[in-house]
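One-letter residues, chain by chain:
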Amino acid sequence: MSDPVVELLEEVWDSIAQLGATLTDEQWDTPTECPGWSVRDQVSHIVGLERMLAGESPDPPATEGGLEGIAAFNEGQIAPRRSRPGAEVLAEMSDICARRLEMLRTMPVEKWDEVGFTPIGDAPYRTFMHIRVFDCWAHEQDMRRALGIPGHLNGPVVQHCLDWHARNMGYVVGKKAGATEGSTVVFAIDGDAGGPRGVAVVDGRAKPSAPADNPTATVYTDVDTYNALCCGRTDPAGALAAGLVTLTGDRDLGERVVLALAYVS
């Protein structure tokens, strides 16, 4: 039995394919906010991970530059494709993603429940696929910001990714921003169909909660800026100075939260 996450993967891969189909050779070479990665490299990254998940032998990890672990793996997938036309890399992505969708749609339920490696530690395979939706959408947005072609900022995939961010805001507010006992923070994200989302510090722990009626601090921004901040792509101080993020309530706490938003490593 297939999991609903498969339809989200199909949606985000289709959106990337539609974007890529419009690009010129020059646009494929456009640098993105991921250091050293072009628009083409973002797609190569997706190709490498999906090939690995399909059980295929990916290109070997890079050995130059002292890279290790996932950084070496990523560079190993990206480097061989830098000399290839972007349209060719996109076609490779479309091929491997189509095969991955077929695999996922026929995967037995026990495989979806199987605990194994994920980027956040051992967890069921379905959790890994939920992370893949977020990862692919985040990289699609990296491409769009670099190209100045905004899009795919609403719909089921976006709500899935906003839910993913929300589940990590307790860590941001409590551990990183140091909010004290009794503090409440509301994130009011323009474009979030789920409405404002809250975090409350109770018994020494910051946890997602219903938004407080009179929160200690409220953070206002839009989906694109919020996601870029959570992914560490945008300078938070610059976003505050430019008015891309505004605050009400305890400004000191609000600023600490915004400066701490980058939780994606």
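Preceding block: the structure.
Residues numbered from 1 in each chain as written. Predicted model: local features only at pLDDT ≥ 70, side-chain atom pairs only at ≥ 80, totals over all residues. Heavy atoms only, no water.

Participant: Looking at this structure, how should I read the sheet that holds strand β6 (residues 217-222)?
Facilitator: The strands making up a sheet associate through hydrogen bonds between their backbones, and the pairing can be parallel or antiparallel. The five strands are arranged β5-β4-β3-β6-β7 in an open sheet whose pairing can be described as mixed. The outermost strands of the open sheet, each flanked by one partner alone, are β5 (205-209) and β7 (246-249). Between one strand axis and the next, the sheet turns through 20 degrees on average, direction left out of account. Each of β4 (197-202) and β5 touches helix α8 (residues 156-167); the most contacted strand, β4, lies at about 15 degrees to it. Along the sheet face, helix α12 (residues 251-259) touches β3 (184-190), β6 and β7 and points at about 140 degrees away from the line of β7. (Pairing = 2+ DSSP bridges. Helix = DSSP H or I, 4+ residues; strand = E, 2+ residues; numbered from the N terminus. Axes fitted to C-alpha atoms, helices over the stretch in contact; angles between N-to-C directions. Contact = heavy atoms within 4.5 Å.)

Participant: Please explain helix α5 (residues 86-105) as it appears in this structure.
Facilitator: For α5, which comprises 20 residues, the first-to-last C-alpha distance of 28 Å matches the rise-based estimate of 28 Å (1.5 Å per residue) to within 8%. Those residues of α5 that fall on the buried side of the exposure criterion are Gly86, Val89, Leu90, Glu92, Met93, Ile96, Cys97, Arg100, Leu101 and Leu104. On its buried face, α5 sits against α1 (5-20), α2 (25-28), α3 (39-53), α6 (109-113) and α7 (125-147). (Expected span 1.5 Å × (residues − 1). Buried < 20%, exposed > 50% of the residue type's maximum accessible area, 1.4 Å probe, protein only.)

Participant: Is there a simple way to think about the nonpolar core in this case?
Facilitator: One recurring pattern in soluble globular proteins: nonpolar side chains tend to sit buried together. Counting 69 residues, the largest nonpolar core has Met129, Met169, Phe187 and Val257 as the members making the most contacts within it. For this core, the element with the most residues is α7, which contributes 11 residues. For Met129, the residues in contact, after removing those within four places along its chain, are Val5, Leu9, Leu53, Arg100, Leu104 and Trp112. (Core = buried A, V, L, I, M, F, W, Y, C linked by side-chain atoms within 4.5 Å.)

Participant: Whenever I open this one, the packing of aromatic side chains confuses me. Can you help?
Facilitator: Each aromatic ring pair is specified by the distance between its two centres and by the angle formed by the two planes. Scanning all chains against the criterion turns up three aromatic pairs. A ring pair is formed by Phe117 and Phe128, whose centres lie 6.0 Å apart and whose planes are at 80 degrees; its orientation type is edge-to-face. Within this pair, whereas Phe117 is found in the loop between β1 (115-116) and β2 (123-124), its partner Phe128 is found in helix α7, the two being separated by 11 residues in sequence. With a relative accessible area of 7%, Phe128 lands in the buried category. Plain terms: the ring middles of Phe187 and Tyr226 are 6.1 Å apart, the flat faces sit at 45 degrees to each other, and that makes the pair tilted. Placement of Phe187 in strand β3 and of Tyr226 in helix α10 (residues 223-230) is noted, with a sequence separation of 39 residues between them. Classification of Phe187 by relative accessible area gives buried; the value is 2%. One Lys or Arg, Lys111, reaches over the ring of Tyr125 and ends 5.1 Å from the middle of that ring. (Phe/Tyr/Trp six-rings, centres within 6.5 Å; stacked < 30°, edge-to-face > 60°. Lys NZ or Arg CZ within 6 Å of the ring centre and 35° of its normal.)

Participant: Explain the pairing of β4 here, please?
Facilitator: Across a regular strand the side chains alternate sides, sitting on one face of the sheet and then on the other. Taken across its six residues, β4 has five buried, putting it largely inside the fold. Two strands pair when backbone bridges link them, and β3 and β4 are joined in this way by four bridges, in the antiparallel orientation. Residue pairing in the sheet places Phe187 in a bridge with Arg197 of β4. Once β3 ends, the chain turns through six residues before running back antiparallel as β4, passing Gly191 with a positive phi of about 110 degrees. The loop that links β4 with its antiparallel partner β5 comprises two residues; one of these, Asp203, has a positive phi angle of about 55 degrees.

Participant: For this particular structure, what's the right way to read unusual backbone geometry?
Facilitator: Across residues other than glycine, the phi torsion is negative in most instances, and most of the peptide bonds are trans. A positive phi angle, near 50 degrees, is found at His152, a position not held by glycine. As for its placement among the helices and strands, His152 is situated in the loop between α7 and α8. Residue Asp203 is not a glycine yet carries a positive backbone phi of 55 degrees. Relative to the assigned elements, Asp203 resides in the loop between β4 and β5.

Participant: Even after reading the chapter, I still don't get the side chain of Asn227, so can you show me in this structure?
Facilitator: Among the secondary structure elements, Asn227 is positioned in helix α10. For Asn227, a relative accessible area of 1% corresponds to the buried category.

Participant: Explain the packing of α3 against α7 to me, please; I cannot follow it from the model alone.
Facilitator: Helix packing for two helices is described by the angle between their axes and how far apart those axes are. Here α3 crosses α7 at 165 degrees, and the two axes come no closer than 9 Å. Relative to α7, the element α3 is oriented roughly antiparallel. The way α3 lies across α7 gives a crossing that is left-handed. Taken together, the residues of α7 that come into contact with α3 (itself represented by Val39, Gln42, Val43, His45, Ile46, Leu49, Glu50 and Leu53) are Tyr125, Phe128, Met129, Arg132, Asp135, Cys136, His139, Asp142, Met143, Ala146 and Leu147. Tallied by class, the residues present in the contact of α3 with α7 amount to 12 nonpolar, three polar and four charged. (Parallel < 35°, antiparallel > 145°, perpendicular 65-115°, else oblique. Left-handed = near helix turned anticlockwise from the far one by under 90°. Nonpolar A, V, L, I, M, F, W, Y, C, P; charged D, E, K, R; others polar.)

Participant: Looking at this model, I keep getting lost on the environment of Gly204. Mind explaining?
Facilitator: In this fold, Gly204 is placed in the loop between β4 and β5. Judged by its relative accessible area of 60%, Gly204 falls in the exposed class. Between the C-alpha atoms of Gly204 and Trp28, which are 176 residues apart in sequence, the distance is 48 Å.

Function cannot be read off these values alone, since they describe shape.
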